[in-house]
There are 2 protein chains.
Amino acid sequence: MANDQPPRPSRRGFLKAGSAAVAAGASLGATGVAQAALGKTPAHAADPTQAVEPFYGLHQGGIVTPQQSHTYVAALDLTTANRDDVIALLRAWTDAAARMTQGNTAAPLPTGAAARTELTDTKADTPVGAKADATTGGTADNASNNAAYSPTNTKAAPDSGDVLGLGPCGLTITFGFGPGLFTKDGKDRYGLAARRPAALVDLPRFNGDQLIEQKTGGDLFIQACANDQQVAFHAVRQLARLAYGTAAMRWGQSGFLSGPRGQTPRNLMGFKDGTNNPSTAKPQLMNEFVWAGATADAPWMEGGTYTVVRRIRITLEHWDNTEVDFQEQVFGRHKYSGAPIGKKNEFDPVNLKEEDKDGNPVIPENSHVRLSNQASNNGAQILRRSYSYNDGTNFYIERWPPWRQETEYDAGLIFLAHQSDPRTGFIPINEKLSKFDMMNQFTTHVGSAVFAVPPGAKPGSYIGAGLFET
Amino acid sequence: MANDQPPRPSRRGFLKAGSAAVAAGASLGATGVAQAALGKTPAHAADPTQAVEPFYGLHQGGIVTPQQSHTYVAALDLTTANRDDVIALLRAWTDAAARMTQGNTAAPLPTGAAARTELTDTKADTPVGAKADATTGGTADNASNNAAYSPTNTKAAPDSGDVLGLGPCGLTITFGFGPGLFTKDGKDRYGLAARRPAALVDLPRFNGDQLIEQKTGGDLFIQACANDQQVAFHAVRQLARLAYGTAAMRWGQSGFLSGPRGQTPRNLMGFKDGTNNPSTAKPQLMNEFVWAGATADAPWMEGGTYTVVRRIRITLEHWDNTEVDFQEQVFGRHKYSGAPIGKKNEFDPVNLKEEDKDGNPVIPENSHVRLSNQASNNGAQILRRSYSYNDGTNFYIERWPPWRQETEYDAGLIFLAHQSDPRTGFIPINEKLSKFDMMNQFTTHVGSAVFAVPPGAKPGSYIGAGLFET
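My aim in this report is to walk through the structure given alongside it, one point at a time. In this text the structure is predicted, and so the values were computed from the model without any measurement. Along each chain, residue indices are assigned from 1 in the same order as the chain's sequence is written. Going through the entries in the order they are written, you letter the chains from A and number the ligands from 1. Per-residue local features of the predicted model are confined to residues with pLDDT of at least 70, and side-chain atom pairs are confined, for both listing and counting, to 80 or more; whole-chain, interface and lining totals are unaffected and use all residues. With hydrogens and water set aside, each side-chain value is computed from the structure's full complement of heavy atoms.

Where helices and strands are cited, they refer to DSSP runs of H or I of at least four residues and of E of at least two residues respectively, numbered from the N terminus. Along the backbone of chain A there are 10 helices and 9 strands. Relative accessibility decides the category of a residue: with a 1.4 Å probe and only protein chains considered, values under 20% of the type maximum give buried, values over 50% give exposed, and everything between is partly exposed. Counting across all 470 residues of chain A, residues that qualify as buried make up 61%. Accessible area for chain A stands at about 17,500 Å²; split by element, carbon and sulfur atoms hold 53% of it. Surface exposure here means Shrake-Rupley accessible area, sampled with a 1.4 Å probe, where a residue is shielded only by the protein chains that are shown.

Following this line, the structure appears as structure tokens:
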């Protein structure tokens, strides 16, 4: 593995680490550099391509970070039997992720290559300087380890190069560990079985689940979010490449979120989605519902979270053929304003006890809002951070009357929810929804996964160090 | 069909057409309205969400329009046996497309609904006014016809509503006609067989083609391009819904293009793509290579074009494992600068005759640039307007040694090329490329289609009127 190898002579011709960072700093301008250095969160920068999110910190990015416009999420399966390989991979991922979130390529490019964030001049011959690498939060040594990490072809391009010129785009990269890292087929592959958190449960089968094996599960999780589709995919692609020989892609999925900035975005069903999320601006809510504590079984998860992913296909064709009144009954909200039924404004409180003059509930019994509301779930809350997805069309055999067989959209929701414990979060909420939600006649869960997302890394360390080293 | 029906009483509760346009005008501001009225092309507006492209005109939009950041392309198959149904559909599509490109919903929303382009206030109760509908280039009557067009459920929501608040986003909608509109299975379904242009040939099978039936062909084509992914998909979705009972989706595909504005964007292989395109700023080039003339067999195509679509999957995993030098030999260009091999700058001319000191060609014999260059193709040029696509991952059995069977990206290029005649454009160029291009070991053509794209419509008329009415 990379860590055991001496520096390779083949790295002649590469600049010292930091060269790309110089270019990044130069074009980011003073503000961008200062923000990166201070660890501020300018997610809603005036120019979203120039937003920079910190990589290192108490928590990983991409959880309470204001949601970027695009994501690429992926799960990989570990193919190595060697614990050290896993650690080396996590080190390489950490270093590359730190570079990329700060607007750099995954590894330094050769002299004279266009800088990642350089916007107007593709011929830049940028001077070398190690100091500016501080903006990556990493060190030259980190980057060197990274570049030396065993790709199959050691002379292969250091980075796919497709995001040169695109800017940091507020990129966050979030890593998670699936059940298979701890035990797989009954085997404790890496000596980690005893450290598996009780909260990292295998999800039960829910009513109506139509899970596709190739879109479900995974040993390792990467969530890349950015204000540009190519930047998000680029990040996962470089990381997956660093994993060649150690882990292989199990599934990948791109997603997007379109919305006027600062407003609740509308999902593909045309309704505002996320109105009732716990506020990320309230640390006590995040501590209660999102961040994992230091439990006796998994002290290494303190400051982490548990992430549930569900790929939910929506039969938009049939939804579009329904009346707005009906759609509002399904959601329990008004379509255009986003207000709870009977109310005027989006953020008016949801009153589940209200009845109309005939004594019927104003918010229908089987509406999505009622069933998912914390008042219906012993106060449970989860932080949803979902994206729409659109993978074109496929031929489907429907599971509802009249059982049409036809080409339909393969589009819907990449449901992503973060919580301190899925046993009190997603699982009981979805048990209820999967049985009673009126929306189910339009939605099918076709992919599913759960991951333990460890806390953020310290500079010089790596994601998941607490799991392997304590 | 809609055109034969009286106005329905069920339209009570809808505003007159024009209300949404008022709101659009209001939030576009004076500049946006003026540009729309003048038919200008502010595709690179300071705020790309506020760009407005004209719908009516000599040519359809989306051909020489500066390329927007996203697309959704789709093909539909006609299911009706009735020529009048096809005309009614094209009328409804024209009216809805004109509305949507100007930032409106496909049909008017009920009173009090949020306006499409309204960005800050979701409670807007916009005053009604017919005059502002001039910005849509349509009329109130057009919109009425549209709203009355037979969806299966006549009371269904007039628009899916998912783009409320998102702005016009420079949306263009381009319609095309596939061979199946003229003859299908030997049948002249709509009395149009004699009007099929000779240039609308069935594409030959090319070397290496691995076409998937469900991603190939189609009777009708829609290309929606916008500076927002959801806006592009929304357009096709509303149009497909208007086709219920007349035409059904055959395939749909979303695409994206990330690039610093005003520069040639990089494709997923990391190379600049489109450098050698004929300049859309030169009308004589467009007339020679892009716009169809008034041929004797198809005078109705004057001002139109012929569009070839190819879904080209790229094995990015293997590409990423190759050296930059090799990648440059494949393309015939330098990766970072985009210059032809041996040159410094992207737009330096490609000199195919240049040799190195050993007498070998500087630009390799089987490089993509050499084989596709007009000097290698009797001067032929096509206007490429391609997008990258990313549909996650699939399990593949490779067609090259070592015939890996594994999960790989389903990502690559939605190749879109416009030309005055495919027989002198795409076909001979791709005959050569499909046999000799070094790039073929990384690319697989899995979808294909060709369409006659008629000229633009006049206000009050509809796309394709010349085909049906002369």
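A separate point is the environment of asparagine 104 of chain A. Structurally, the position occupied by asparagine 104 of chain A is in the loop between helix H2 (83-101) and helix H3 (140-148). In this structure, the C-alpha to C-alpha distance between asparagine 104 of chain A and valine 350 of chain A, residues 246 residues apart in sequence, is 45 Å.

Turning next to the relation of the copies chain B and chain A. Superposing chain B onto chain A takes a rotation of 180° plus a shift of 0.0 Å along the axis, which leaves an RMSD of 0.0 Å. Accordingly, the operation relating the two chain copies is best matched by a two-fold axis. Residues of chain B ranked by C-alpha distance from the rotation axis are headed by aspartate 391 of chain B, positioned 2.4 Å from it. The fit set for superposing copies consists of C-alpha atoms from residues with pLDDT of at least 70 in both; the fit itself is least squares.

What follows covers the interface of chain B and chain A. The interface is formed by 71 residues belonging to chain B together with 69 residues belonging to chain A. Using a 1.4 Å probe, buried area is obtained as the accessible area two parts lose upon being combined, added over both of them. In total, about 5,700 Å² of surface goes out of reach between chain B and chain A, with carbon and sulfur atoms giving 49% of it. Between Lys or Arg on one side and Asp or Glu on the other, a salt bridge is scored when a side-chain nitrogen of the former is within 4 Å of a carboxyl oxygen of the latter. For arginine 237 of chain B, the salt bridge identified is with aspartate 320 of chain A, shortest N-O distance 2.8 Å. Taken together, the elements giving at least two residues each to the side of chain B that touches chain A come down to strand E1 (70-78), helix H4 (229-242), strand E4 (247-256), helix H6 (316-319), helix H7 (324-331), strand E7 (387-397) and strand E8 (405-419) of chain B. Classification convention: Asp, Glu, Lys, Arg as charged; Ala, Val, Leu, Ile, Met, Phe, Trp, Tyr, Cys, Pro as nonpolar; all other residues, Gly among them, as polar. Taken together, the residues of the side of chain B that touches chain A break down into 26 nonpolar, 28 polar and 17 charged. Contacts between residues were defined by any pair of non-hydrogen atoms, one from each residue, lying within 4.5 Å.

All names here are of chain B. To obtain each axis, a line is fitted to C-alpha atoms, and for helices this fit is confined to the stretch in contact; angles are then taken between N-to-C directions over 0 to 180 degrees. Close contact between helix H2 (residues 83-101) and H4 brings their axes to 10 Å; oriented N to C, the two are set at 155°. It follows that H2 is roughly antiparallel to H4 by the angle criterion. Remark: the crossing between H2 and H4 carries right-handed chirality. Where H2 abuts H4, its residues Leu89, Ala92, Trp93, Ala96, Ala97 and Met100 lie against His234, Ala235, Gln238, Leu239 and Leu242. Looking at the contact of H2 with H4 residue by residue, the class counts come to 9 nonpolar, 2 polar and no charged. Any angle from 65 to 115 degrees is called roughly perpendicular, while one under 35 is roughly parallel, one over 145 is roughly antiparallel, and all others are oblique. Put simply, a crossing is left-handed when the front helix is turned counterclockwise from the back one by less than a right angle, and right-handed when it is turned clockwise.

You can see glutamine 230 of chain B is positioned in helix H4. The exposure class of glutamine 230 of chain B is buried, given its relative accessible area of 0%. Beyond its immediate chain neighbours, meaning those up to four positions away, glutamine 230 of chain B contacts Phe256, Ser258, Arg266, Asn267, Leu268 and Ser388 of chain A together with Asp162, Val163 and Leu166 of chain B.

Bringing unusual backbone geometry into the picture now. Residue and element names in this part refer to chain A. In this structure, cysteine 169 is a non-glycine residue whose phi angle is positive, near 55°. Inspection of the secondary structure puts cysteine 169 in the loop between H3 and strand E2 (172-177). Classification of cysteine 169 by relative accessible area gives buried; the value is 0%.

Glancing now at the packing of aromatic side chains. Here a Phe, Tyr or Trp ring, Trp counted by its six-membered ring, pairs with any other such ring whose centre lies within 6.5 Å, and the pair is stacked when the planes are under 30 degrees apart, edge-to-face when over 60, and tilted otherwise. Counting across every chain of the model gives 28 aromatic pairs over all chains. Between the aromatic rings of phenylalanine 271 of chain B and phenylalanine 331 of chain B, the centroid separation amounts to 3.9 Å while the plane-to-plane angle is 5°, which identifies the pairing as stacked. Separated by 60 residues along the polypeptide, phenylalanine 271 of chain B in the loop between E4 and helix H5 (283-289) and phenylalanine 331 of chain B in helix H7 bring together distant segments of the chain. For the pair formed by phenylalanine 271 of chain B and phenylalanine 331 of chain B, the shared burial category is buried. Taking the centre distance of 6.2 Å and the plane angle of 65° together, the rings of phenylalanine 326 of chain B and phenylalanine 442 of chain B count as edge-to-face. Of this pair, phenylalanine 326 of chain B sits in helix H7 while phenylalanine 442 of chain B sits in the loop between helix H9 (426-436) and strand E9 (443-453); the two residues are 116 residues apart in sequence, bridging distant segments of the chain. In this structure phenylalanine 442 of chain B comes out as buried when scored by relative accessible area, which is 7%. Aromatic rings pair up to connect Phe271, Trp319, Phe326, Phe331 and Phe442 of chain A into one cluster. The rule is short: NZ of Lys or CZ of Arg within 6 Å of the ring centre and within 35 degrees of the ring normal puts a charge over the ring. The residue whose ring lies beneath arginine 313 of chain A is tyrosine 396 of chain A, and the NZ or CZ to ring-centre distance is 3.4 Å.

It is worth spelling out the pairing of strand E2 (residues 172-177) of chain B at this point. Of all the 6 residues making up E2 of chain B, 6 are buried; the element is thus mostly covered by neighbouring parts of the structure. Residues Thr172, Thr174 and Gly176 of chain B of E2 of chain B are buried on one face, and the alternating residues Ile173, Phe175 and Phe177 of chain B, pointing to the opposite face, are buried as well.

With that settled, the discussion passes to the environment of threonine 49 of chain A. Residues and elements named next belong to chain A. Note on placement: threonine 49 falls in the loop between helix H1 (19-38) and strand E1 (70-78). Sequence separation of threonine 49 and proline 168 is 119 residues, and the distance between their C-alpha atoms is 6.1 Å. Apart from the residues lying within four places of it in its own chain, the contact partners of threonine 49 are Leu166, Gly167, Pro168 and Cys169.

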